[in-house]
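What follows is the residue order along each chain.
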Amino acid sequence: MQIHSIVITVSFDSIKLGGRLNITSFAKTTPIIVFFRVEVKRVQTHQQYRATANKSRRMNSTIQLSKDELRKSKPTREEYLSQPKLPITLVLDNVTNSYNIGAFIRLADAFAIEKIIVCGALTISDKKLKKASRNEAKWVSIEYSDNTTTSLQALLKQSYTLFSVELCHESLDYKEVAYPSPCALVLGNERKGVSEAVLRLSHHQIYIPMFGMGNSLNVSTAGAIVLSEATSQMRKANLKAS
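What comes next concerns the included structure. Here the structure is a predicted model, which is why all the values come from computation and not from measurement.

**Section: the overall build of the protein**
For step 1, the next point in the chain: For the protein, the count of helices and strands is 8 helices and 10 strands.
For step 2, the next point in the chain: Buried positions account for 33% of the 242 residues belonging to the protein.
For step 3, the next point in the chain: Intrachain contacts of the protein at a sequence separation of at least 6 include 81% that bridge at least 24 residues.
For step 4, the next point in the chain: Summed over its atoms, the accessible surface of the protein is roughly 16,900 Å², and 52% of this surface lies on carbon and sulfur atoms.

Structure, rendered in C-alpha cells:
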C-alpha cells in the first residue's frame, strides 16, 4: 500500500492566521499522513521599533559631542562673567614657559576659580600667551606682579590660606589637607621650584606622592592635580552648606 505524506506550513503573524491544504489530487482511498509545521513570525512592538531606530541613529552619528552640543550646557558669555567663582587664587612664582602659563589659564577657566597671579618678569608675548591658553584668557581674571612675596602679603591681609606645592621636609600629601575658603595655591619655577622666601610665607607645603623613579611632575600638570582636589573639596563643602 502506498502512503503519501504532506507537510503543511502554517504561518502566524499580525495579519494572517491559518493555512490551506489541497489534497484533491489524491484518490480518496489513498492513505495520507499529514505533518503540520508551524512558523511564527515575530512582530516588533512599538518600544522595540524605537530601540532599533535609536540604535541605527547612534551608529550613523558620531560618539564625540560636537561644539554646538557642548555649548547647550554652557551659560551665555554675559551670564558666565557675572557668575561667582570659587575663592581660589593660583599664584605662579616665576613660571616662565609660555605653554605652562597658558595651561594654567585654561585650568583657571576650567575650574572657574577667581583669579590667577603671574609673578616675575614676563618674557613671553601676548600672541604666544593667547595661543597657549587657546584664547581662554578672556574668561579669567589675570594679574601680573613683579614680586611674588608682595602679592602673597596682600593675600595674607585678605585672610587667604597659602599652600605652596613643593617637596619640603614638612610637606603634606595634597589629599590629606583641607582647603579653606579663601585660599591660594603657589606653584614655582620650572627648574628651581617655589622660592625659599615664598615657602616661608606659606601656611602649608604640599606635595603629590610619586610612585615611580621620578621626583616631580611638569608644573602645570602638578597644578591641575592639586587644583582638582581643592576645587572638589570646596564645591562639596558648598553643597553641604546649602
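Let's pick the thread back up.
**A short note on the pairing of strand β9 (residues 183–188)**
For step 1, the next point in the chain: Taking burial as the measure, the 6 residues of β9 include 6 buried ones, the bulk of the element.
For step 2, the next point in the chain: Pairing analysis gives 6 bridges linking strand β4 (residues 86–93) to β9, with the strands arranged parallel. From the neighbouring strand, V91 faces β9, where its bridge partner is V186.
For step 3, the next point in the chain: Across 4 bridges, strand β7 (residues 161–165) lies against β9 in parallel orientation. When the bridges of β9 are listed, L162 appears paired with A184.

**Here's the deal with the packing of aromatic side chains**
For step 1, the next point in the chain: Inspection of every chain in the model, using the stated rule, returns 2 aromatic pairs.
For step 2, the next point in the chain: With a centroid separation of 6.3 Å and 85° between ring planes, the pair formed by Y80 and W139 is classed as edge-to-face. One end of the pair, Y80, is in helix α3 (residues 77–82); the other, W139, is in the loop between α5 (126–132) and β6 (142–145), and 59 residues separate them in sequence.
For step 3, the next point in the chain: The ring of Y80 carries K85 above its face, with NZ or CZ at 4.5 Å from the centroid.

**Quick look at the sheet that holds strand β10 (residues 204–207)**
Across a sheet, strands are paired by hydrogen bonds formed along the backbone, either parallel or antiparallel in direction.
For step 1, the next point in the chain: If you walk across this open sheet you meet the 7 strands as β6-β5-β4-β9-β7-β10-β8, and the pairing is parallel. Sheet topology places β6 and β8 (172–173) at the edges, where each strand pairs with a single neighbour.
For step 2, the next point in the chain: Of the pairings in the sheet, the one linking β7 to β10 comprises 3 bridges and is parallel in character. Pairing of S164 across the sheet is with Q205, part of β10.
For step 3, the next point in the chain: Here helix α4 (residues 98–110) sits on the sheet and contacts β4, β5 (113–119), β6 and β9; the angle it forms with β5, its principal contact strand, is near 165°.

**Re the nonpolar core**
For step 1, the next point in the chain: Ranked by internal contacts, the top residues of the largest apolar core, which has 31 residues, are Y179 and L185.
For step 2, the next point in the chain: Among the elements that line this core, the one with the most residues is helix α8 (residues 219–241), at 6 residues.
For step 3, the next point in the chain: Sequence-distant contacts of L185, that is, excluding residues within four places in its chain, are made with I88, T89, L90, V91, F163, Y179, V226, L227 and A230.
For step 4, the next point in the chain: By size, the runner-up hydrophobic cluster in this structure holds 12 residues, among which are L152, L155, V194 and L199.

**As for the pattern of salt bridges**
For step 1, the next point in the chain: According to the stated counting rule, one finds 1 salt bridge in the structure shown.
For step 2, the next point in the chain: Note that E143 is salt-bridged to K115, the shortest N-O span being 3.2 Å. Here the residue E143 occupies a position in strand β6, and K115 occupies one in strand β5, the gap between them amounting to 28 residues.
For step 3, the next point in the chain: In this structure K115 comes out as buried when scored by relative accessible area, which is 15%.

Each value, and the rule that gives it
Residues numbered from 1 in each chain as written. Predicted model: local features only at pLDDT ≥ 70, side-chain atom pairs only at ≥ 80, totals over all residues. Heavy atoms only, no water. Helix = DSSP H or I, 4+ residues; strand = E, 2+ residues; numbered from the N terminus. Buried < 20%, exposed > 50% of the residue type's maximum accessible area, 1.4 Å probe, protein only. Contact = heavy atoms within 4.5 Å. Areas by Shrake-Rupley, 256 points an atom, 1.4 Å probe, with all protein chains shown as cover. Pairing = 2+ DSSP bridges. Phe/Tyr/Trp six-rings, centres within 6.5 Å; stacked < 30°, edge-to-face > 60°. Lys NZ or Arg CZ within 6 Å of the ring centre and 35° of its normal. Axes fitted to C-alpha atoms, helices over the stretch in contact; angles between N-to-C directions. Core = buried A, V, L, I, M, F, W, Y, C linked by side-chain atoms within 4.5 Å. Salt bridge = Lys/Arg side-chain N within 4 Å of Asp/Glu carboxyl O.

Just distances and angles here, no functional claims.
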